[in-house]
Amino acid sequence: MVSMIVAVDKNNAIGKNGALLVHNPEDMKFFKEVTKGCNVIMGRKTWESLPMYPKGLPFRDNYVITSNPCGKGNVLEVTFESVVKVLKSKNSVFNQHKTFLIGGSGVYNNLSGYCNEVLVTRMDLVVEDAD
């Protein structure tokens with residue numbers, strides 16, 4: 001099962017200047033609880049924005065989509081093409097264990113068609129100049 005997990009403002013923005021819109025401890029706790037023990041797929045910029053970069057998110061299998069692998073951290077670097085191929089396979093690791101798309105916009109836009117569900121935290125605010 002593949003799920004998308006995202007926090008958005010009233011305008012459906014997801015980030016600003018390569019970071020989260022705001023620090024939201026409640027949403028971060030929810031994200032941690034829901035994704036723990038699962039696969040997470042993210043883009044390179046999202047990976048580099050993590051506080052634990054370059055190690056990746058603990059207690060999860062981290063997959064970073066990048067066209068320029070750098071071999072850093074506790075992650076598996078992959079391409080969009082390889083992820084799509086695996087998502088299409090019925091016996092893939094992404095179908096055997098819950099998998100979350102965690103950002104950024106390129107990952108959401110290119111892989112949302114493979115999602116079975118979307119978990120959205122809607123924040124009651126508008127972030128000016130959001131990405």
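Here, the structure is the one placed above.
Reading the values: rules and limits
Residues numbered from 1 in each chain as written. Predicted model: local features only at pLDDT ≥ 70, side-chain atom pairs only at ≥ 80, totals over all residues. Heavy atoms only, no water. Helix = DSSP H or I, 4+ residues; strand = E, 2+ residues; numbered from the N terminus. Rg over C-alpha atoms; globule rule 2.2 N^0.38 Å. Buried < 20%, exposed > 50% of the residue type's maximum accessible area, 1.4 Å probe, protein only. Contact = heavy atoms within 4.5 Å. Areas by Shrake-Rupley, 256 points an atom, 1.4 Å probe, with all protein chains shown as cover. Lys, Arg positive; Asp, Glu negative; His and termini not counted. Charge placed at Lys NZ, Arg CZ, Asp CG, Glu CD. Disulfide = S-S within 2.5 Å. Pairing = 2+ DSSP bridges. Axes fitted to C-alpha atoms, helices over the stretch in contact; angles between N-to-C directions. Core = buried A, V, L, I, M, F, W, Y, C linked by side-chain atoms within 4.5 Å.

Engineer: Quick one: what's the story with the overall build of the protein chain, residue by residue and with numbers?
Structural biologist: Check the secondary structure of the protein chain and you find five helices and eight strands. Order of helices (α) and strands (β) in the protein chain, N terminus to C terminus: β-β-β-α-β-α-β-β-α-α-β-α-β. Relative to the compact-globule value of 14 Å for 131 residues, the protein chain shows a C-alpha radius of gyration of 14 Å, a close match. Dimensions of the protein chain, computed from C-alpha atoms along their principal axes, come out at roughly 40 × 30 × 25 Å. Sorting the 131 residues of the protein chain into buried and exposed places 37% on the buried side. Put simply, 61% of the contacts in the protein chain that link residues at least 6 apart link residues at least 24 apart. When the accessible surface of the protein chain is summed, it comes to about 7,900 Å², and 51% of that surface belongs to carbon and sulfur atoms. One finds the centroid of the 15 positive side-chain charges in the protein chain at a distance of 7 Å from the centroid of its 13 negative side-chain charges.

Engineer: Provide a residue-level description of the state of the cysteines, including the pertinent values.
Structural biologist: For the structure on display, the rule yields zero disulfides. Cysteine 38 forms no disulfide, and the closest cysteine sulfur to it belongs to cysteine 115, at a distance of 13 Å. Residue cysteine 115 is classed as buried on the basis of its relative accessible area of 18%.

Engineer: For the sheet that holds strand β4 (residues 39–43), give the residues involved together with the corresponding values.
Structural biologist: Across the sheet, which stays open at both edges, the six strands sit in the order β6-β5-β4-β7-β1-β8 with parallel pairing between neighbours. Either end of the sheet is taken by a strand with one partner, and the two such strands are β6 (76–78) and β8 (117–122). Geometrically, the sheet is characterised by an average inter-axis angle of 25° between neighbouring strands, direction not taken into account. Of the strand pairs in this sheet, strand β1 (residues 2–8) and strand β7 (residues 99–101) are connected by three bridges, and their pairing is parallel. From the neighbouring strand, valine 2 faces β7, where its bridge partner is threonine 99. In the packing of helix α3 (residues 80–88) onto the sheet, the strands contacted are β1, β4, β5 (61–65) and β6, and the crossing angle to β6 comes to about 100°.

Engineer: Account for the nonpolar core, with residues named and values stated.
Structural biologist: Judged by nonpolar contacts, the single largest core of 17 residues is most densely connected at Ile41, Ile65, Val83, Leu101 and Leu111. Listed by contribution, the elements that provide at least two residues to this core are β1, β5, α3 and α5 (105–111). Residue contacts for isoleucine 41: discarding those within four places in its chain leaves Tyr63, Ile65, Val83, Phe94, Thr99, Phe100, Leu101, Ile102, Gly103, Val107 and Leu111. Counting residues in each nonpolar core, the second largest holds eleven residues, with Ile5, Val40, Met42 and Leu50 among its members.

These figures come from the coordinates and say nothing about function on their own.
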